[in-house]
2 protein chains.
Amino acid sequence: MASELLQKRLYEEFGREQVLTAKEELACYSYDSGIYTLFHYFTPDAAVLAKSVDDVVKTLAVARELKVPVIPRGGGTGQAGGAIAPTGGILLDLSAWKAIEQLTPEDYQAFVRPGVTLDELNKALAPYGLYLPPDPSSGSACTIGGMVANNTAGQRSLKYGAMDRFVMALEVVLPTGEVVTVGGKQARVIKSVSGLDLKTGLFIGSEGILGVITGIRVKVAPVPPARAGILFLSSDRKAIPALIRKLYEAKVVFSACEFVLVQPSAEIAVARNLPDTPLPSPLEMVLLMEFEGNPSGVAWELDTARKIVAGFKGTYSIAENKEDMPRLWLLLDEAEGGVMSSRPGAKRVPGGEDIVVPPSLLIEALEGIQQLVGIAGVSCVNFGHAVFGNIHTGLLLKADDTEEMKRVETLIADIHTLAIALEGSTTGEHGTGLVRSPLMTQEHGPAAEIMKRVKNLFDPDNILNPGKILPIDRPGRSAEEKTC
Amino acid sequence: MASELLQKRLYEEFGREQVLTAKEELACYSYDSGIYTLFHYFTPDAAVLAKSVDDVVKTLAVARELKVPVIPRGGGTGQAGGAIAPTGGILLDLSAWKAIEQLTPEDYQAFVRPGVTLDELNKALAPYGLYLPPDPSSGSACTIGGMVANNTAGQRSLKYGAMDRFVMALEVVLPTGEVVTVGGKQARVIKSVSGLDLKTGLFIGSEGILGVITGIRVKVAPVPPARAGILFLSSDRKAIPALIRKLYEAKVVFSACEFVLVQPSAEIAVARNLPDTPLPSPLEMVLLMEFEGNPSGVAWELDTARKIVAGFKGTYSIAENKEDMPRLWLLLDEAEGGVMSSRPGAKRVPGGEDIVVPPSLLIEALEGIQQLVGIAGVSCVNFGHAVFGNIHTGLLLKADDTEEMKRVETLIADIHTLAIALEGSTTGEHGTGLVRSPLMTQEHGPAAEIMKRVKNLFDPDNILNPGKILPIDRPGRSAEEKTC
C-alpha cells in the first residue's frame, strides 16, 4: 500500500519522533477554522513535524520520489481549507518550529521561523514598544508562516494593511528542493525595489502552492499610544454607508470599522451590556468605529466622529481610551454571537463567508445574502469590515441534517456568485484554499490560466498543496471514514 | 536593413501618424532622468504612439514577427534606464494614452489608462477631496503606468507606502498578445485575496519585462487636512539616527523624514533662506521631519518632536501648517542644490544612486560613500529617506572628462558593492532597470535564477524590454552616434 511505503520512507529519513502516522493523530489535521471541513473529511497519510530547512528539503525529496502531495500547515486557523489534505500525502506541520532568530529593534526588524505565533512574536517585541500590526484575531494560535502564506489582513487592516506590507524577505524551499531567499540574499532593509519582487504575489498569499516558507523577515512598527472608539446602534442598516461617507468627508481615519447586522435574538445580549442606553427598536445594526494613533489625534477623530454620529438616528456608546475599548469590541461580539439563540437545535459554524463588494454596494450585497439565506431555510449573521465592503456571513446550521447541508453548499456557491455579479470578489481575507479554487476561472477569467502557468513553472508535478487556489479533481475520502 | 523592414511593417499596421522614425524624434527616447544615459546613448528603431489595447497588441505582434524588442515607456522620468532601448527595437510610447475611464469616489477608486500623469489624476480627484498618495516628486510628468511598472514610492512612502498598496487591478497585454486582467476580471473591490496575486510582484514593479500595462484600477484616499514639520540643522550627522530613535520611542509618526548631508558650499544658500537663525558651524546636516493627518494629531506630533529636537545640539525651523511647509521643503532643496557651486566647471547630474541599508547602518554607509567619492576625485551630495536608510548620492561631474567618467562608473559600482556588503540593497525606489541588472545575482543569489525562470515563462523570446532587471549582453550603440 502506497501509504505504508510513504510511512516507511519517512521513518527512514526522520526516525519515529518526528513522524505521525496513527489514525487519531492524523485526524487532528482534518479540520481548520472554516466551515468547509464540516462537509468534508480528509486526512493525510502521514505528518512530519519539521523544525529545520533540512527537514523541509527531506520531506520534499520523499514527496518527489513517491509522487505524493505535501501540505504545509501552521496553526490550522485558516478558513479556506488551505492546510488540509484532500488527496492524502504528507502533512508538513511547521507549527513547532518556533525560533525568533534575530530581533533588531534598532532596524525595526525580526527574522523568525514559520511556527512562531503572532502573540509569541509580539511578546518578544513588547519590551521595545514594537509590534507586528496585522491581526487576524487568532494571535495565540496563528503562525507567522501561515500569516504570510495567507497574506493575513484582519480587523485593523483598514489602517495598517495586510501582511505583505510587513514582509521584507522570505526563505523558501521550492518543490525542487532548492532553497532561495527572496527579497535579498542577505539584505536587512525595510525598503527595496531591486529585481522582480518574487516575495509579494509569488510567495506571500500563495497558500503554500509554490514553495514552503521556512524563514520570514518582518518589518515591525511602534505600538500606537492611544485608541478610542464609538459603537453606533441603529434601526437602519442604510446608515452604515451614509455614516462612513460623512466620516470620510470629514477626514476621519479609522483603525477599524466593523459592522454587525443584528438578529432579533441578539438584542437581549446587547441590551444586557448597555443597561443605561435605551436601544433603538428594532435594533438592526451595530457599527464599531475605532481610532488609533497619538492621544490628540485620536481625540480629534473621536470628537469629529461623535458629532457626525449624533446627527444620525440611533444611539451610541463611547470608549475614550484603550482601557475601555475592549468593552465595545465585546459588545460587537455579543451582537454577532447573539444569533446563536435564534434557531433552536442549530449551531453557529466557525468562520463565515468572506465576500467583498464595491463599498457603495454593501447594502445591496447584504440584502442579496439575506434573500439567499432565506431560500436555504437557515439562519445567519452578517458582519464584517464596513469600509472595505467585506462581508462575513456566519451560518447557523443543523449539521446532522443532510438535506440542509446540501442546501447550504448551494447557498455558499450562490453567495460567491452574488459577489462576482456585484463586481466583487469571493474572498477579502480568508483566501482561496480548497473552498474557492473551483471559482477562479469565473472570477479571474484568462488570468486564472496565467495562475496555472505560474504554478506549473514552480511545481510541474503538482506536489505542493494540490487543489488549493487552483482546482483539481478530488478523489478524496468520504465523511464516513471520519474517526475522531 | 532590419530597421527599414520594421518601419515598413509599423507603417502598414498604424499609418504614418502614430509611428516615429526620424533620427531626431527617436533621439528624444535616448534618455531618462538618471545618470546612466550620460554614459550611454541608445535609440529605438521606431516609436509607436499607442492609445488603445489594440495598438499594444498590434505592436507586440509585429515584434514577435520580426523578433525585435518592445520597450514600454511612460513619462521617461525613471532613473534606472528602464524605458530606453539598449538593443533598438520598438519604443512603445504610452504617454499619450490618457483616459480616466472611471472615477467612482463613492468606491474610492479610479480606472485609468497608462498615460495619465499623477497630477492629472489628482486634479480629477480633487473635487472629491481624494488623491493618490504615492508621490515620486515628478507628478507633472510621471504616468500612472510608469508608477505601477516601477512601484513608485517617493518622499511620503514612509507613511503611505508604495504604489503596490494602491493598485487593485491591472489590465495587461502579455508578450504573446493575450490580454488579461489581474486582480479580478471585472471586480471593483478595494480588498481581495482571491487567487494568486499576479498583480503584486509579477506586474507591479516588473518594469515592463513581463507584460505591457494598459489599464490600472487604483484605490485612492482622502487628502489629509493638516501638515506641519520641523527642519533641524546640526553640525553632527550622527544626530540623524539618534534623533529618529528618540522620536520613534516617543511614538511620533512621520509622513516624511528627509536628510541632506550639507556640503560647505551649500551653507550660504541655507543661510540666505534662514536669515534670523544662526546656523551651527560647520553646518553638516539638515533633517526635515514632516507630519500629516488631522489638525490635533499633527499638532501633537509637532509638539512632541519639537521638545525632542530641542534636546539636540543644533537649531531648527518650524512650519506650523500646510501653507508654511513648502518653505521647509525649499530649504531642503537648497541644502541639496547648494552643492552645485562646490566644484567649478562640474555639473550636478540628474538623479542619484539609491542604495538602502539597515537603518542602524546609515552613518556607516554615508561615510563609506564619501570615502569612495573622494577616491574617485569628484563631488557629491548625499540625501534621502532617513528612516528607511535610503541614500541618494547625487554626483557633481565633468561629463566631458573621459577619464573622470570612467572613474565614476567604477564609483557607482563600488557604491552598489558597499550597499550589499552592509546587508543593504542596491535600490530603494529607483528600480533595477538597465543600470543594476548586472548586480542581481550578487544581490539575490539563487533567487536571481528564479527571476529568469519567471521572465522566461512570460516572454520566452525576450521581446519585452530586454536587459531590464535581468542582464543581457548589450550590443548597443556607442555614444559617438549621438545626434541630438
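Definitions and cut-offs
Residues numbered from 1 in each chain as written. Chains lettered and ligands numbered in written order. Predicted model: local features only at pLDDT ≥ 70, side-chain atom pairs only at ≥ 80, totals over all residues. Heavy atoms only, no water. Helix = DSSP H or I, 4+ residues; strand = E, 2+ residues; numbered from the N terminus. Rg over C-alpha atoms; globule rule 2.2 N^0.38 Å. Buried < 20%, exposed > 50% of the residue type's maximum accessible area, 1.4 Å probe, protein only. Contact = heavy atoms within 4.5 Å. Areas by Shrake-Rupley, 256 points an atom, 1.4 Å probe, with all protein chains shown as cover. Lys, Arg positive; Asp, Glu negative; His and termini not counted. Charge placed at Lys NZ, Arg CZ, Asp CG, Glu CD. Buried area = accessible area lost by both parts, 1.4 Å probe. Salt bridge = Lys/Arg side-chain N within 4 Å of Asp/Glu carboxyl O. Polar contact = N/O pair within 3.5 Å; in protein donor to acceptor, adjacent residues only side chain to side chain. Nonpolar A, V, L, I, M, F, W, Y, C, P; charged D, E, K, R; others polar. Pairing = 2+ DSSP bridges. Axes fitted to C-alpha atoms, helices over the stretch in contact; angles between N-to-C directions. Expected span 1.5 Å × (residues − 1). Arc of directions from axis to C-beta. Least-squares fit on C-alpha atoms with pLDDT ≥ 70 in both. Phe/Tyr/Trp six-rings, centres within 6.5 Å; stacked < 30°, edge-to-face > 60°. Lys NZ or Arg CZ within 6 Å of the ring centre and 35° of its normal.

Trainee: Please explain the overall build of chain A as it appears in this structure.
Mentor: Within chain A, the regular secondary structure consists of 16 helices and 19 strands. Taken over C-alpha atoms, the radius of gyration comes to 23 Å for chain A, in line with the 23 Å a tight globule of 484 residues would show. Taking the principal axes of its C-alpha atoms as reference, chain A extends roughly 70 × 60 × 40 Å. In chain A, which comprises 484 residues, the proportion classed as buried is 63%. Considering only residue pairs separated by 6 or more positions, chain A has 73% of its internal contacts joining residues 24 or more positions apart. On chain A, roughly 16,900 Å² of surface is accessible, and the fraction owed to carbon and sulfur atoms is 52%. Averaged over its 47 positive side-chain charges, chain A has a centre that lies 2 Å from the centre of its 58 negative ones.

Trainee: Would you explain the interface of chain A and chain B in this entry?
Mentor: By convention, interface size is frequently given as the accessible area that disappears when the constituent parts associate. Listed by partner, the interface residues are 86 residues for chain A and 85 residues for chain B. Surface buried jointly by chain A and chain B totals about 7,000 Å² across both partners, of which 62% is contributed by carbon and sulfur atoms. It is Lys191, Val193 and Leu196 of chain A in chain A that bury the most area against chain B; as a group they hold 12% of the surface buried on that side. When the shortest N-O distance is used, the salt bridge between Glu429 of chain B and Lys191 of chain A registers 2.7 Å. Applying the counting rule to chain A against chain B returns 36 residue pairs in polar contact (both at pLDDT 80 or more). Every element with two or more residues in the side of chain A that touches chain B is listed here: β9 (179–182), α8 (199–203), α9 (239–249), α11 (295–310), α15 (440–444) and α16 (446–458) of chain A. Top contributing element to the side of chain A that touches chain B by residue count: α16 of chain A, with eight residues. Broken down by class, the residue content of the side of chain A that touches chain B amounts to 38 nonpolar, 33 polar and 15 charged.

Trainee: Looking at this structure, I do not really get the sheet that holds strand β2 (residues 46–49) of chain A. What am I missing?
Mentor: In sheet architecture, strand pairing relies on hydrogen bonds along the backbone and comes in two forms, parallel and antiparallel. Residue and element names in this part refer to chain A. One open sheet holds the four strands; their spatial order is β1-β2-β4-β3, and the pairing between them is mixed. Two strands bound the open sheet, and with one partner strand each, they are β1 (19–20) and β3 (70–73). Sheet topology places β2 next to strand β4 (residues 90–93); four bridges connect them, and they run parallel. Looking across to β4, one finds that Val48 is bridged to Leu92. Here helix α4 (residues 53–66) sits on the sheet in contact with β2, β3 and β4, set at roughly 170° to β4.

Trainee: Hey, could you run me through α16 of chain A in this one?
Mentor: Owing to its 3.6 residues per turn, the α-helix brings residues three or four apart onto one side. All names here are of chain A. Look at α16: 19 Å from first C-alpha to last across 13 residues, which is about the 18 Å you get at 1.5 Å a residue. Burial in α16 covers these residues: Ala447, Ala448, Ile450, Met451, Val454, Lys455 and Phe458. In an axial view of α16, the angular spread of the buried residues amounts to 155°, which keeps them on one side of the axis.

Trainee: Before we go on, may I ask you to explain the sheet that holds strand β10 (residues 212–219) of chain B in this structure?
Mentor: Residue and element names in this part refer to chain B. In spatial order, the strands read β5-β6-β10-β8-β9; together these five strands make up an open sheet with antiparallel pairing. In the strand order of this sheet, the two ends are held by β5 (100–104) and β9 (179–182), each with one partner. Along the sheet, successive strands turn relative to each other by an average axial angle of 10°, direction set aside. Pairing geometry for strand β8 (residues 167–173) and β10, over six bridges, is antiparallel. Within β10, the position partnered with Val167 by the bridge is Val218. The sheet contacts of helix α5 (residues 118–125) involve β5, β6 (109–112) and β10, and relative to β5 the element is tilted by about 40°.

Trainee: I'm lost on the pattern of salt bridges in this one. Help?
Mentor: A pair can form between side chains of opposite charge whenever their charged atoms are brought close. Residues and elements named next belong to chain A. By the definition in use, this model includes 54 salt bridges over all chains. Its salt-bridge partner being Arg113, residue Glu101 comes within 2.9 Å of it at the nearest N-O pair. Here Arg113 lies in the loop between β6 (109–112) and α5 (118–125) and Glu101 lies in strand β5 (residues 100–104), a separation of 12 residues in the sequence. When its relative accessible area of 44% is taken as the criterion, Glu101 is described as partly exposed.

Trainee: Mind showing me how you'd approach unusual backbone geometry here?
Mentor: Backbone geometry follows two general trends: most residues other than glycine have a negative phi, and most peptide bonds adopt the trans configuration. All names here are of chain A. Between Ser281 and the following residue, Pro282, the backbone shows a cis peptide bond with an omega angle of -10°. On the secondary structure map, Pro282 appears in the loop between α10 (267–273) and β14 (285–293). One non-glycine residue with positive phi stands out, namely Glu423, at about 55°. With respect to the helices, strands and loops of the structure, Glu423 is situated in the loop between α14 (402–421) and α15. In this model, Asn462 sits at a positive phi of 55°, which is unusual for a non-glycine residue. Structurally, Asn462 can be placed in the segment after α16.

Trainee: Please clarify how the side chain of Arg188 of chain B should be interpreted in this entry.
Mentor: Within the secondary structure, Arg188 of chain B sits in the loop between β9 and β10. According to the relative accessible area criterion, Arg188 of chain B is buried, its value standing at 9%.

Trainee: Where do I start with the relation of the copies chain A and chain B in this structure?
Mentor: The operation relating the two chain copies consists of a rotation about an axis and a shift along that axis. Take chain A, turn it by 180°, move it 0.0 Å along the axis, and it overlays chain B with an RMSD of 0.0 Å. As the rotation angle and translation indicate, the two copies are arranged about a two-fold axis. The rotation axis passes nearest to the C-alpha of Gly297 of chain A in chain A, at a distance of 1.7 Å.

Trainee: Could you clarify how one ought to interpret the pairing of β5 of chain B in this entry?
Mentor: Looking down a regular strand, the side chains alternate between one sheet face and the other. Residues and elements named next belong to chain B. Where β5 meets β6, four bridges bridge the pair, whose relative direction is antiparallel. When the sheet's bridge partners are listed, Gln102 is paired in β6 with Phe111. The antiparallel pairing of β5 with β6 creates a hairpin that spans four residues between the two strands, and Tyr108 there sits at a positive phi of about 55°.

Trainee: What am I meant to see in the packing of aromatic side chains here?
Mentor: What describes a pair of aromatic rings is the distance from one ring centre to the other and the angle between the planes of the rings. With the rule as written, the count across this model stands at 12 aromatic pairs over all chains. On the basis of an interplanar angle of 85° and a centroid distance of 5.7 Å, the ring pair of Phe203 of chain A and Phe458 of chain A is categorised as edge-to-face. You can see Phe203 of chain A sitting in helix α8 and its partner Phe458 of chain A sitting in helix α16, a full 255 residues away along the chain. When the ring of Phe232 of chain A is compared with that of Phe312 of chain A, the centres are 6.5 Å apart and the planes differ by 80°; the resulting orientation is edge-to-face. Taken as a pair, Phe232 of chain A in strand β12 (residues 226–234) and Phe312 of chain A in the loop between α11 and β15 (315–319) lie far apart in primary sequence, 80 residues in all. On the basis of relative accessibility, which here comes to 0%, the residue Phe232 of chain A falls in the buried class. Following the ring pairs from residue to residue traces out a cluster consisting of Tyr108 of chain A together with Tyr248, Phe254 and Phe291 of chain B. Lying over the aromatic face of Phe14 of chain A, Lys58 of chain A brings its terminal NZ or CZ to 4.7 Å of the ring centre.

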